Amino acid sequence: TPDDILLRKEIDAMAAANPNFKVFYTVDRPTDDWTQGVGFINEDMISEHLPAASEDSFIGMCGPPAMIEFACLPNLKKVGFAEKNYVCF
């Protein structure tokens, strides 16, 4: 749920203070007023909401290990992200 997002206030504050810092949250159980991602992360979601893969792009992600291993990482690789351009925490 949106309430389960770790450090959301701090991440949102960094995004507000830095124009190059973009945030896109995805949850599996949204609230009625949720406006960001819902469901299993896939290639289309990454292409639509994250910056294009480049030497200057960086993706930080956290979540359940199965989501990272079976959804995030394979789809980041599909759209061209190198391992040095993302981190899981």
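Residues numbered from 1 in each chain as written. Predicted model: local features only at pLDDT ≥ 70, side-chain atom pairs only at ≥ 80, totals over all residues. Heavy atoms only, no water.

(A) Molecular detail of a nonpolar patch on the surface. A cluster of nonpolar side chains, contributed by Phe58, Val87 and Phe89, occupies part of the molecular surface with about 330 Å² of accessible area. Along the chain, the position of phenylalanine 58 falls in the loop between α2 (43-49) and β3 (59-61). (Patch = residues over 30% accessible without salt bridge, like charges linked within 9 Å, V, L, I, M, F, W, Y side chains within 5 Å. Areas by Shrake-Rupley, 256 points an atom, 1.4 Å probe, with all protein chains shown as cover. Salt bridge = Lys/Arg side-chain N within 4 Å of Asp/Glu carboxyl O. Helix = DSSP H or I, 4+ residues; strand = E, 2+ residues; numbered from the N terminus.)

(B) Representation of the nonpolar core within the structure. Counting residues in each nonpolar core, the largest one holds 13 residues, and the members touching the most others are Ile41, Met61, Met67, Ile68, Cys72, Leu76 and Tyr86. At the level of elements, α2, β3 and α3 (65-78) are the ones that each hand at least two residues to this core. If sequence neighbours within four positions are ignored, isoleucine 68 has contacts with Met61, Cys62, Gly63, Leu73, Pro74 and Cys88. Ile11, Tyr25, Val27 and Trp34 belong to the second-largest nonpolar core, a separate cluster that totals five residues. (Core = buried A, V, L, I, M, F, W, Y, C linked by side-chain atoms within 4.5 Å. Buried < 20%, exposed > 50% of the residue type's maximum accessible area, 1.4 Å probe, protein only. Contact = heavy atoms within 4.5 Å.)

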